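Fold and contact review
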Amino acid sequence: MSKMIQIAIKERKVTILLSFFILMFGFYAYYFVPKQENPDTTGPAAQVIYTFPGASAKDVEELVTKPVEDAIAKLDGIDYIESYSYDNVSIVVVMLTYNVDYKEQWSKLSTELDHLKNDLPDGINDPTINTELTKTAGIILALTGKDYNYDQLASFAKLYKESLIKVDGIKEVDIDGELDKEIIIEIDNDKLGGIALSNSDVFDLIRAQNVIIPSGAIQTEQGKINVKVPKSFESLSDLKEMIIYISEKDGSIVRLGDVARVYFQYNENSVRYRYNQEEAVLITVYFQKDQNIILIGDEVRKVIDQENKKLPEQLNINEVLFLPKDVDVSVNNFINNLIQGIILVVIIVLFGMGARNAVIVSMTIPLCIATTFISMSLLGIDVQQVSIAALIIALGILVDNSIVISDAIQVKINEGVDPVTASYLGTKEQSIPVLSSTITTIAAFAPLMALPGEAGEFAKSLPEVVIIALSASFIVAMTVTPALASKFFKPKLTSKDHLSGITNLYRKLVRTNIEYPVRSILVVFSILLMSLGLFKIIDVKMFPFVDKNVIYFNIQSEIPGDSEYTEKLIKQAETILLDEPEILNITSSIGGGIPRFYITAGLVPPSSDKGQLFCEFDSSKGGRFRSREELGQYLQEKMDRIFVGGDCTVNLLEINIPGPTIDIKISGVYLDDINAVADQIYNELAKYPGTMNVKNNQPNYKYQYIVEVDDEKASSFGLSKFDIQYQINLALNGSKASVLKSEGKEYDLVLKSNIDQIDDIENLLVKSSYTNSKILVKQFAKVKIKEELTSINRHDRESLVSVTAKVKAGFGSGAIQNDIQNFIENEVDTSSVKISYGGDKETISKYLSGLAVAAGFALVIVYIILLIQFNSLKQPFIILATIPLSTIGILFSLVLTRTNFTFTVGLGGASLIGIVVNNAILLIEYINRARGEGMTVKEACFDSVEKRMRPILLSSVTTIFGLMPLVFANSSFFTPMAIALVGGLLISTILTLTVIPTIYYLLER
């Protein structure tokens, strides 16, 4: 290291020139480095969907869901498996932990499902596997026009798609809301009964008649000429004219149109969209990874403007989501905070060191930031709110090393040493303490990179960027600072000491403490115990809501399988919301969810009884609400009060995966036992005044017709079980017989019957495959009505019912959670079920334990570093005493500012481990050196405060002022962390200057 310092000073022109190049390259890297709103936290989750036409929810669970769960359970690194069994549909979701190679596991998933194929029942469709559940849209545009239907809107949307897909950086453009048309062939059973065909015969005829087989070629003198036989169906009229039967008696011909109604119909499983109460088609744009989406957004706007000029005026293109704009605003806000922090730090350094020295020290900031941007570009770390916040956090720390080095150099110059020699000696003298303090700070941040779950992935770039910046700070302090100091530092005349009053105060305090060391330490310990008591009055909310003016609503109809009824519910919700002045616009979906608009937004699976509304709002318009949370609570209470016909859940965007505040999961073998316990818990939870949107997510029942077949009678008529089940299923559910291709489009041909009441089922003719005779269903079966489950939810391969609730603003979730747990333990018989807790309780347990482990690792690493540096077992413990001192400041600052304890507060507390110990390192290092020069322990302790107060206060104050823009940024995620850092560092610095010398004296006297 000494050699490096010598070269940097000797070749200072080269050092300065290299610094200039780093600055230029840093600005260049910033411009081109990918810019995002949030870090990429693509979760290792997959969804498997099977459709099993005609099967009840119970049959789907037994025959499909359970085997699929068993196959998925063979994957490595499973976090949890959730499944949802509905009539006709099985949905299984698997979440993996972040420490597995999930691409390898998804390949294994496909293999396992292939192996499962032969074990699943006949009639089940191939699975849909989605391993991109967290794929998030970058841009969503809604195309509307009062005079246009869905088909016309979709055709216009394709023009936008063709232009947008050509923009560099765009990965995919989807048109959502383009309704799939199918051709329905609706058999009239009465008419079909007059001929010797069954519905399955007609199905086979259509399939055989519409087949395409290559005919071959004829060899001629001119070469081979292909022979083509035209396919049968090219229009509806072709279908209607298809001959299906010729009478053997009179030769009369029966065509398909004689026994069936043939017509176009929109696929009932298609998701439909609306924008501000008009029919809409969505154009959804997805970006490629590692792109500067601000620049892409500029190109997209140009393309949209060009296309708008070509299209009719009645057509409207509306921005539902435009992420480049949000990213631009977010990044600019954080960059402004960074610039404000830089200005504040420079002012503090200027005040504490004088103009000449302050300029040299302040050069550290742009150099370190430039180096950080270059490193981020090379390591693939995007510019987003977390990485910029990390720079703001590191801002005040960046100058600490240079402050210590410049202060040591100035002391040497004032002692008469020439500037070049002083720069070398001062830097060399402080190199080990500065290296030690840098490594200890890095050691405190490093374990934070291994925090668990989505939030750990989200926050990972924070410790990464801080570590890069601190490493750059050390290199700059060891090279650039002494190089510039050797050229520009001059001897300073004795001037007025601005800190003399504070120095005298601390001198008296230290003298008193050292005279009565035990009493002094007991006083500080009492303050610590008192502050720990404050934790009881601090509410814990691990993940606050996102700072975006977006709110969304999940709709669940009480009538399953009826998309028209779901549409009525969506229109009802739109009417309710548009009465609120805060709501700016509404995008709605019927039969599923809106394309994922935020990485943690809840996924709504496609289902005719589900819908979603996405709203932008301006809470200042009505002047009624002080926060997003208050608006969300108001709308939830209003929906609970007046929304009729289904369930409406109000959601604000969250940084973690969204969910209820309180979530009690009841699982077990017997559903009746589970439901009984769930009812008790629901009734109790609904009594609390602080809860809202209390739900008992028990599966509902609906009436279902059951065809009870008399096997003896059926056999006597020559009917097999296949004949009965296949033909009844075909009549009721329909099935795809073939495909009609026309004008470049494909339409499924779906055969079904005109059954709409129980008499139609009883009078359905089923044809025997043995005798070819047709028998009425009522001759061999009875049709009864019976209650059946509409859905069955499972968690980790066990039946599950959840009782959930949200907590109103102003109420603490912890107290309600504890009360309901006590109720369950003392009042509820849980012997036949298993109780587990999700919601905030699970989140707090998961992430606080993660933070505790990270803090524990940091403490061990810091202790080892200090042990090596000071070659003492006791002195590292003296230095680590600064950590509980910072805890006092954290807790008092949270109480005084009425700030919740959040994940980022814990992140800040763990980070302080490496920051606050630096002050103690400077004190202990000086005391040891002073004792080595002949001072007594008491004299060295007194002198350390006077000699090290300026760099300690200066470095702490620069860090605090560097954080001030974040404190006042009103960021739900970062402001609590900044408050905790400022409070912890402030109190720790104030107490360190008296407590550390006192403990040292107590242990070393």
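It should be noted that the structure appears before, not after, this text.
Because the structure is predicted, anything quoted here is derived from the model rather than measured.

1. Quick look at the overall build of the protein
What the protein contains, in helices and strands, is 32 helices and 30 strands. Along the first, second and third principal axes, the C-alpha set of the protein runs to 130 × 85 × 55 Å. Put simply, the protein has 1005 residues, and 54% of those count as buried. In the protein, of all internal contacts separated by at least 6 residues, the share reaching a separation of at least 24 is 80%. Accessible surface, the protein as shown: approximately 45300 Å² in total, 53% of it carbon and sulfur. Side-chain charges of the protein comprise 92 positive and 117 negative groups, with the mean position of each set lying 9 Å from the other.

2. Some thoughts on the side chain of N693
Here N693 is to be found in strand β21 (residues 691–696). Setting aside chain neighbours within four positions, we find N693 in contact with Q636, D640, D647, C648, T649, T804, A805 and K806.

3. Points about empty space enclosed by the protein
As enumerated under the stated definition, the model contains 4 cavities of 30 Å³ or more in all. The calculated volume of the largest cavity comes to roughly 210 Å³. Along its surface, the largest cavity is lined by 19 residues, and D400, N401, S437, N918 and S955 are the ones closest to its centre. At the level of elements, α14 (385–414), α15 (419–445), α30 (903–932) and α31 (937–967) are the ones that each hand at least two residues to the lining of the largest cavity. Tallied by class, residues from the lining of the largest cavity come to 9 nonpolar, 9 polar and 1 charged. A volume near 60 Å³ is recorded for the second largest cavity.

4. Observations concerning helix α3 (residues 57–72)
Of all bends in α3, the biggest is about 35°, found at T65, and the proline P67 comes one to four residues later. Within α3 the residues assigned to the buried category are A57, V60, E61, V64, T65, V68, E69, A71 and I72.

5. Concerning the packing of aromatic side chains
Here the structure, examined in full by the defined rule, presents 11 aromatic pairs. On the basis of an interplanar angle of 50° and a centroid distance of 5.0 Å, the ring pair of Y30 and F373 is categorised as tilted. Residue Y30 is located in helix α2 (residues 12–32), and its partner F373 is located in helix α13 (residues 364–379); the two are separated by 343 residues in the primary sequence. The side chain of K181 reaches across the aromatic face of F264, ending 5.4 Å from its centre. Its guanidinium or amino end placed over the ring of F322, R301 lies 3.9 Å from that ring's centre, counting from NZ or CZ.

6. A look at the sheet that holds strand β23 (residues 735–742)
In spatial order, the strands read β12-β7-β24-β23; together these 4 strands make up an open sheet with mixed pairing. The open sheet terminates on both sides in strands that have one partner only, identified here as β12 (260–266) and β23. On average, each strand axis in the sheet is inclined to that of its neighbour by 30°, with strand direction left out of account. With 6 bridges joining them, strand β7 (residues 181–187) and strand β24 (residues 745–753) adopt parallel strand pairing.

7. Focus: the nonpolar core
Burial of nonpolar side chains together is a common tendency in soluble globular proteins. Counting 200 residues, the largest nonpolar core has L462, F597, F903, L907 and F974 as its most contacted members. Beyond its immediate chain neighbours, meaning those up to four positions away, L907 contacts L448, L451, A459, L462, L851 and M977. Grouped together as the second largest cluster of nonpolar side chains are 24 residues, I187, V202, F233 and V259 included.

8. Re the environment of D174
Relative to the helices and strands, D174 is located in strand β6 (residues 170–176). Taking the C-alpha atoms as reference points, D174 and P595, 421 residues apart in sequence, are found 9.7 Å from one another. With residues up to four places along the chain from it excluded, the contact list for D174 reads K135, L282, I283, T284 and Y286.

9. What about helix α17 (residues 461–488)?
Remark: the principal bend of α17, roughly 40°, maps to V476. In terms of residue burial, α17 counts as a mostly covered element, since 23 of its 28 residues are buried.

10. With respect to unusual backbone geometry
Residues other than glycine seldom take positive phi values, yet Q277 does so here, at roughly 70°. Relative to the elements of secondary structure, Q277 occurs in the loop between β13 (272–275) and β14 (278–287). The backbone of N970 sits at a positive phi, close to 55°, despite the residue not being glycine.

11. Concerning the pairing of strand β2 (residues 78–86)
Where β2 and strand β3 (residues 89–96) come together, 8 bridges link them in antiparallel fashion. Within β3, the position partnered with Y80 by the bridge is M95. Hairpin connection, β2 to β3: the antiparallel pair is bridged by 2 residues, and N88 has positive phi, about 75°. Examined bridge by bridge, β2 and strand β28 (residues 791–795) share 5 bridges and lie antiparallel to one another. Paired with Y86 across the strands is S791, a residue of β28.

12. Re the pattern of salt bridges
Should the charged atoms of two oppositely charged side chains come close, the side chains can pair. Considering all chains together, one arrives at 36 salt bridges under this definition. The salt bridge partner of R272 is E567, with a shortest N-O separation of 2.8 Å. Here the residue R272 occupies a position in strand β13, and E567 occupies one in helix α20 (residues 563–578), the gap between them amounting to 295 residues. The same class applies to R272 as to E567, namely buried. A salt bridge links E567 to K571; the shortest N-O distance between them is 3.7 Å.

13. A look at the environment of F351
Along the chain, F351 falls in helix α11 (residues 323–353). Spatially, the C-alpha atoms of F351 and L954 are 9.4 Å apart, while their sequence positions differ by 603 residues.

14. Focus: the packing of α15 against α30
Relative to each other, α15 and α30 sit at 160°, their axes nearing to 8 Å. With respect to each other, α15 and α30 are oriented roughly antiparallel. Here the hand of the crossing between α15 and α30 comes out right-handed. Residues E429, Q430, P433, S436, S437, T440, T441, A444 and F445 of α15 touch α30, and the partners they reach there are A910, S911, I913, G914, I915, V917, N918, I921, E925 and R929.

15. Observations regarding the pairing of strand β1 (residues 45–51)
Across a regular strand the side chains alternate sides, sitting on one face of the sheet and then on the other. A large share of β1 lies buried, amounting to 6 of its 7 residues. Inspection of the sheet shows β1 paired to β3 by 7 bridges, in the antiparallel sense. The partner of Y50 across the bridge, within β3, is S90. As paired elements, β1 and strand β4 (residues 128–130) share 3 bridges and run antiparallel to each other. Bridge pairing in β4 links I49 to T128.

16. A word on a positive patch on the surface
On the surface, K13, R356, K487 and K490 cluster together to form a positively charged patch. As for its placement among the helices and strands, K490 is situated in the loop between α17 and α18 (500–515).

17. Some remarks on the environment of I218
Take I218: it is sitting in strand β8 (residues 217–220). Relative accessible area serves as the criterion here: at 51%, I218 is assigned to the exposed category. Spatially, the C-alpha atom of I218 lies 89 Å from that of I890, the residues being 672 residues apart in sequence.

Thresholds, definitions, all that
Residue positions within a chain follow its written sequence, with the count starting from 1. Where local features are concerned, this predicted model is filtered to residues with pLDDT of at least 70; where side-chain atom pairs are given and counted, the filter is 80 or more; whole-chain, interface and lining totals use all residues. Heavy atoms throughout the structure, all of them, feed into the side-chain values; hydrogens and water do not. Comment: elements are numbered from the N terminus, with helices defined as DSSP H or I runs of at least four residues and strands as E runs of at least two. When accessible area is computed with a 1.4 Å probe and restricted to protein chains, residues below 20% of their type maximum are described as buried, those above 50% as exposed, and intermediate ones as partly exposed. Whether two residues are in contact is decided by their heavy atoms: any pair within 4.5 Å suffices. Using the Shrake-Rupley algorithm and a 1.4 Å probe, accessible areas are obtained, with residue cover drawn only from the displayed protein chains. His is not counted, nor are the chain ends, whereas Lys and Arg count as positive and Asp and Glu as negative. Here the site of a charge means atom NZ of a Lys, CZ of an Arg, CG of an Asp or CD of a Glu. Here a cavity means grid points, on a 1 Å grid over the protein atoms only, where a 1.4 Å probe fits yet cannot get out; a pocket means an open set of points with protein on both sides within 12 Å along at least five of seven lines; lining residues are those with an atom within 4 Å of a point. Grid points are joined across faces, edges and corners, and a volume is the space filled by probe spheres set on the points. Classes in brief: Ala, Val, Leu, Ile, Met, Phe, Trp, Tyr, Cys and Pro nonpolar; Asp, Glu, Lys and Arg charged; the others, Gly included, polar. A residue's bend is given by the angle between axes fitted to the 7 residues ending at it and the 7 residues starting at it. Aromatic pairing here means that ring centres of Phe, Tyr or Trp (its six-membered ring) are within 6.5 Å. Orientation follows from the plane angle: under 30 degrees is stacked, over 60 is edge-to-face, and everything else is tilted. Counting as a charge over the ring demands two things of the Lys NZ or Arg CZ atom: a distance within 6 Å of the ring centre and an angle within 35 degrees of the ring normal. Two strands qualify as a pair provided that DSSP identifies no fewer than 2 bridges between them. A fitted line through C-alpha atoms represents every axis, and for helices the fit uses only the stretch in contact; the resulting angles, taken between N-to-C directions, go from 0 to 180 degrees. By nonpolar core we mean a set of buried residues, namely Ala, Val, Leu, Ile, Met, Phe, Trp, Tyr and Cys, connected to one another through side-chain atoms within 4.5 Å. Whenever a carboxyl oxygen of Asp or Glu lies within 4 Å of a side-chain nitrogen of Lys or Arg, that contact is scored as a salt bridge. Any angle that is under 35 degrees is reported as roughly parallel, and any over 145 degrees as roughly antiparallel; angles of 65 to 115 degrees are reported as roughly perpendicular and all others as oblique. A clockwise turn of the near helix away from the far one marks a right-handed crossing, whereas an anticlockwise turn of less than a right angle marks a left-handed crossing. Nonpolar side chains (Val, Leu, Ile, Met, Phe, Trp, Tyr) within 5 Å and like charges within 9 Å form the patches, drawn only from residues with over 30% relative accessible area and no salt bridge.

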